[in-house]
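A closer look at the structure
Listed below are the residues making up each chain.
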Amino acid sequence: MTVSPFEALACPLDGQPLLRADRSWRCESGHSFDIARHGYVHLLPVQKKRSLDPGDSKEMVAARQRFLNAGYYERISDAVNVGAADVVQGHATASFLDAGCGEGYYVRRLANTLEGSQDVAGLGLDISKWAVLAAAKQDKRFRWVVGSNANLPVLSNELDGVLCLFGFPVYGEFRRVLKPGGQILQIDAGPEHLKELREIIYPELKSDRPDREAVPEGFHLVGSENVKYSLTLGSQDVISDLLAMTPHLYRAGAEGLEKAAALTTLTVTVDAVLRRFQKT
């Protein structure tokens, strides 16, 4: 069984199929996208960027890479892998997109789990070039793309599963690229996720989002699972990495960040909700 790069890419400018030609991808209209030295391709047109350097910074990506590779969120990854195996049970080939892949931790572990039983075609996409670069350096088995969930550079009806893990789902696009019966595996933070850290850095905690149980149009809910456990972080460096890989780094005030920087140990609750939505 093999893990291979996903091939059914679409031009981000006109939606036509992209074909590999030496060190670039090209469509029939003549749009061409060069393949970077580390193997990834940039499919986020400049006119669709909201900033010069969108997404996570180089420092945020490095923090996330250190934290995840240390295994702190392994239980979340394991739950995703079990759900994904159920999605593609009986399929000869499993095709997955990690939409907002970061440095590729989750999709790498998924491929390692599935490759013993079936062929896997994988695609990791993130709006951050730093995240995609880090992913491409760590694993050459996948197709790595700089792109946006709002305009996925993927042909329609080509994927068995879409992972959206602590990310920004665009359900219309996810539905378009999924095969009939394909599924979204979505992880969101539960109400108690990192509560102890948030209590330190914020004057008061905001209430949970009211739309958490909503089922997106064009899908039905297959199942929901809570992944909840306690995690002890034993150094200021690890606490700093956790904070740096979350939006809290930019949302917290100076006083809250100062309190976090003074911590040398912290026990936090990991509270994640995995929901699976199947295309109808």
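A brief look at the structure comes next. Position numbers for residues count from 1 along each chain, tracking the sequence in the order it is written. Totals for whole chains, interfaces and linings use all residues, but because this is a predicted model, local features are given only for residues with pLDDT of at least 70 and pairs of side-chain atoms are given and counted only at 80 or more. Hydrogens and water are ignored here; the side-chain numbers use all heavy atoms of the structure.

1. Focus on the overall build of the chain
Rules: Where helices and strands are cited, they refer to DSSP runs of H or I of at least four residues and of E of at least two residues respectively, numbered from the N terminus. A radius of gyration in this sense is built from C-alpha atoms; the matching globule rule multiplies 2.2 Å by the number of residues raised to 0.38. Burial classes follow relative accessibility: with a 1.4 Å probe on protein chains only, a residue under 20% of its type's maximum area counts as buried, one over 50% as exposed, and anything between as partly exposed. In this description, contact between two residues means that some pair of their heavy atoms is separated by no more than 4.5 Å. For the accessible areas, the method is Shrake-Rupley and the probe is 1.4 Å, while residue cover comes only from the protein chains on display. The charge count treats Lys and Arg as positive and Asp and Glu as negative. His and the chain ends do not count. Where a charge sits is defined by one atom per residue type, namely NZ (Lys), CZ (Arg), CG (Asp) or CD (Glu).
Summing up its helical and strand segments, the chain has nine helices and twelve strands in all. Since a compact globule built from 280 residues should have a radius of gyration of about 19 Å, the 19 Å found for the chain is in line with a globular shape. By its C-alpha atoms, the chain is 55 × 40 × 35 Å across when sized along the principal axes. Counting every position in the chain, which comprises 280 residues, the buried fraction comes to 49%. Taking the contacts inside the chain whose residues are at least 6 apart along the sequence as the reference set, 72% of them involve residues at least 24 apart. Carbon and sulfur atoms provide 51% of the accessible area of the chain, an area that totals close to 13200 Å². The averaged location of the 35 negative side-chain charges in the chain is 3 Å from the averaged location of its 32 positive side-chain charges.

2. Brief notes about the pairing of strand 9 (residues 159-165)
Our working definition: We call two strands paired when DSSP finds no fewer than two bridges between them. Here is how to tell: hold the view so the strands point away, follow the path from the first strand over the helix to the second, and if it runs clockwise the crossover is right-handed.
Of all seven residues making up strand 9, seven are buried, and the element is well covered by its neighbours. In this sheet, strand 9 lies alongside strand 6 (residues 93-99) in parallel orientation, the contact comprising three bridges. Its bridge partner lying in strand 9, L97 is registered against V162. Pairing analysis gives six bridges linking strand 9 to strand 10 (residues 178-189), with the strands arranged parallel. Within the sheet, the bridge partner assigned to L163 lies in strand 10 and is L185. A crossover links strand 9 with its parallel partner strand 10, the connecting element being helix 5 (residues 171-177), and its sense is right-handed.

3. Digging into the pairing of strand 7 (residues 119-126)
In summary, the side chains of a regular strand alternate between the two faces of the sheet. Among the eight residues in strand 7, seven count as buried, and that is most of the element. Where strand 1 (residues 3-5) and strand 7 come together, three bridges link them in parallel fashion. Following the sheet pairing, V3 is matched in strand 7 by V120. Bridge analysis of strand 6 against strand 7 gives seven bridges, and the strand direction is parallel. When the bridges of strand 7 are listed, D98 appears paired with G124. The parallel pair strand 6 and strand 7 is bridged by helix 3 (residues 105-114), and the resulting crossover is right-handed. Pairing between strand 7 and strand 8 (residues 143-146): four bridges, direction parallel. From the neighbouring strand, D126 faces strand 8, where its bridge partner is V146.

4. Quick word on the sheet that holds strand 4 (residues 32-34)
The strands making up a sheet are joined through hydrogen bonds of the backbone, oriented either antiparallel or parallel. The test is simple: Think of each axis as a best-fit line through the C-alpha atoms, taken over the contacting stretch in the case of a helix, with angles from 0 to 180 degrees between the N-to-C directions.
The three strands are arranged 2-3-4 in an open sheet whose pairing can be described as antiparallel. In the strand order of this sheet, the two ends are held by strand 2 (19-21) and strand 4, each with one partner. On average, each strand axis in the sheet is tilted by 30° relative to the strand beside it, whichever way the strands run.

5. Focus: the state of the cysteines
Applicable threshold: In what follows, a disulfide is any cysteine sulfur pair within 2.5 Å.
Within the structure shown, the criterion is met by zero disulfides. The thiol sulfur of C164 is not disulfide-bonded, and the nearest other cysteine sulfur, from C101, lies at 11 Å. Exposure remark for C164: the relative accessible area of 0% places this residue in the buried category.

6. Focus: the packing of aromatic side chains
To be explicit about the condition: Stacked, tilted and edge-to-face are the three classes applied to pairs of Phe, Tyr and Trp rings, where Trp contributes its six-membered ring and a pair requires centres within 6.5 Å; stacked means planes under 30 degrees apart, edge-to-face means over 60, and tilted covers the rest. The rule is short: NZ of Lys or CZ of Arg within 6 Å of the ring centre and within 35 degrees of the ring normal puts a charge over the ring.
Scanning all chains against the criterion turns up seven aromatic pairs. Measuring from centroid to centroid gives 5.1 Å for Y105 and Y106, while their planes differ by 80°, and the two rings are edge-to-face. For R75, the ring lying beneath its charged end belongs to Y229, and the centroid distance is 4.4 Å.

7. Looking at unusual backbone geometry
Backbone geometry places F166, a non-glycine residue, at a positive phi of 55°. Residue position: F166 is located in the loop between strand 9 and helix 5. Take F166: its relative accessible area is 32%, and that puts it in the partly exposed class.

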